[in-house]
Amino acid sequence: MATIAHSVGKWGKNHHADVMLVQTLLNLHIGGDVRLHKWLKPFSFNGRINGSSDADPTVTAIIIIQREILGITKPDGRVDPGGRTLKYLEGTSGAWGAGRPTPTASAPVIDPAQQIVNDFAAKTDAGAFKWLDRSTIASGLRARLNNPYLINQGQSGLCPSAAVVFQIARTKPEAYAQAVTDLFDTGKAKIGKWSLAPCQDLKDHRVPASIAEADWIIMASIRDSENWFIDYESETDRGGAWGNEVAAWMKKAGFTDIKEDWNYFFSKDVGNLVMARHWCAANYQVALLIDADMIDGKLKTLISKPNHWVVLDSKSFVILSKQDPVSFPVYTWGKRITIPRNGTLNLGDFLDMYYGYIACKY
């Protein structure tokens with residue numbers, strides 16, 4: 001039986017594929033176990049979850065099952081790999097009860113985003129990008145839908161595009177899959193109100209060795225489509241973006257309630273970092289503008305510079321005095337890493353290399 005790789009539910013990691021499986025199992029139990037009918041009804045689902053709210057249908061169902069079926073006095077609303085709640089959902093704990101069949105799906109539930117990829121992979125015609133391969137794109141897309149942290153700009157300098165694509169992939173997986181496959185098939189795509197139409201030179205350009213085809217096609221297309229004068233055609237072209245561009249991209253992609261507090265000339269204070277944490281805890285997507293040297297704990301002896309966008313990946317982390325160390329996870333370069341990943345970094349030094357945030361609701 002397929003199982004989850006990461007926690008799902010209240011303050012869980014909530015990877016899309018894991019959430020889809022848990023939601024499927026929950027609905028099977030809700031429909032098949034009469035003990036649950038008093039509290040729950042089957043609910044529609046799409047692999048998304050508000051992991052900070054007990055009112056989310058998935059979290060609510062987990063809490064009720066833990067409390068009423070498993071007898072847990074203080075339910076945490078989370079399904080952990082190998083945990084008691086998962087064993088119940090998978091029918092291996094005995095809690096399903098004598099005479100009740102272990103829930104199994106009559107037909108596999110196919111994630112809508114993965115179905116888009118399946119349909120795309122079944123085609124045989126050449127795409128709009130001269131050097132890209134359909135099967136390679138499909139394979140890369142499937143992996144990234146299961147784990148958006150794999151999205152990686154490599155050495156292309158496309159970190160703003162990477163941050164935006166990562167946030168779209170983990171909150172709007174169907175839109176992400178459709179955009180990538182449409183770009184390959186037709187040379188253009190639309191995400192919300194955001195139209196992507198890269199130039200022919202980009203479509204004829206070979207993929208840089210440091211970046212996967214599934215990442216290059218959408219990241220480079222974003223940067224090229226947003227350039228009004230100079231085309232983005234190769235890894236050596238400027239792939240960065242100003243904060244106002246990143247905010248505009250998110251808005252066009254369908255994100256709402258954009259919150260911006262960033263600066264390219266002066267680093268930000270602890271109040272700004274507290275607000276970034278606040279918006280993340282409120283289930284906003286939060287991108288941070290930093291000097292990339294802070295990732296490895298490198299201190300600046302002269303002047304720092306805002307040269308890298310990362311995505312905040314913690315709803316709760318401790319902020320104390322400027323002499324105390326900071327440590328919290330972010331998404332960047334195809335991984336979930338902790339800042340700093342090497343050595344230590346105190347809050348004062350962090351703030352010297354921190355230039356603000358952009359937060360948005362999905």
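A word on helix H5 (residues 134-146)
Right, on to step 1. Spanning 13 residues, H5 covers 19 Å between terminal C-alpha atoms, matching the ideal 18 Å at 1.5 Å per step.
Right, on to step 2. Of the residues making up H5, those classed as buried are Arg 134, Ile 137, Ala 138, Gly 140, Leu 141, Arg 144 and Leu 145.
Right, on to step 3. For H5, the elements touching its buried residues are helix H1 (16-32), helix H4 (112-121), helix H7 (173-186) and helix H9 (213-226).

Thoughts on the confidence of the model for the protein chain
Right, on to step 1. Per-chain confidence: the protein chain averages 85 in pLDDT, with 90% of residues scoring 70 or above.
Right, on to step 2. Predicted confidence is poor over residues 228-239, with pLDDT under 50, and the contacts of this stretch with residues over four places away or in other chains come to 33 contacts.

Here's the deal with the environment of Trp 249
Right, on to step 1. Within the secondary structure layout, Trp 249 lies in helix H10 (residues 243-252).
Right, on to step 2. On the basis of relative accessibility, which here comes to 0%, the residue Trp 249 falls in the buried class.
Right, on to step 3. The sequence separation of Trp 249 and Trp 194 amounts to 55 residues, and the corresponding C-alpha distance is 7.3 Å.
Right, on to step 4. With residues near it in sequence (within four places) discarded, Trp 249 still touches Pro 160, Ser 161, Val 164, Trp 194, Ile 222, Arg 223, Glu 226 and Ala 241.

Overview of the pattern of salt bridges
Proximity of charged atoms lets side chains of opposite charge pair with each other.
Right, on to step 1. Scanning all chains against the criterion turns up 14 salt bridges.
Right, on to step 2. For Asp 125, the salt bridge is made with Arg 134, and the minimal N-O distance between the two is 3.4 Å.
Right, on to step 3. Given the relative accessible area of 43%, Asp 125 is considered partly exposed.
Right, on to step 4. With a shortest N-O distance of 2.9 Å, Arg 134 and Asp 185 are connected by a salt bridge. Here the residue Arg 134 occupies a position in helix H5, and Asp 185 occupies one in helix H7, the gap between them amounting to 51 residues.

Examining unusual backbone geometry
Right, on to step 1. Look at the link from Ile 339 to Pro 340: it is a cis peptide, with omega at -5°.
Right, on to step 2. When you line up the elements, Pro 340 lands in the loop between strand S9 (335-339) and helix H12 (347-352).
Right, on to step 3. One non-glycine residue, Trp 11, lies in the positive phi region at around 60°.
Right, on to step 4. Topologically, Trp 11 is positioned in the loop between strand S1 (8-9) and H1.
Right, on to step 5. Exposure remark for Trp 11: the relative accessible area of 46% places this residue in the partly exposed category.
Right, on to step 6. The phi angle at Asp 257 is positive, at roughly 50°, despite the residue not being glycine.
Right, on to step 7. The residue Asp 257 is located in strand S5 (residues 256-262) in this model.

About the criteria used
- Residues numbered from 1 in each chain as written.
- Predicted model: local features only at pLDDT ≥ 70, side-chain atom pairs only at ≥ 80, totals over all residues.
- Heavy atoms only, no water.
- Helix = DSSP H or I, 4+ residues; strand = E, 2+ residues; numbered from the N terminus.
- Expected span 1.5 Å × (residues − 1).
- Buried < 20%, exposed > 50% of the residue type's maximum accessible area, 1.4 Å probe, protein only.
- Contact = heavy atoms within 4.5 Å.
- pLDDT = per-residue confidence, 0-100.
- Salt bridge = Lys/Arg side-chain N within 4 Å of Asp/Glu carboxyl O.

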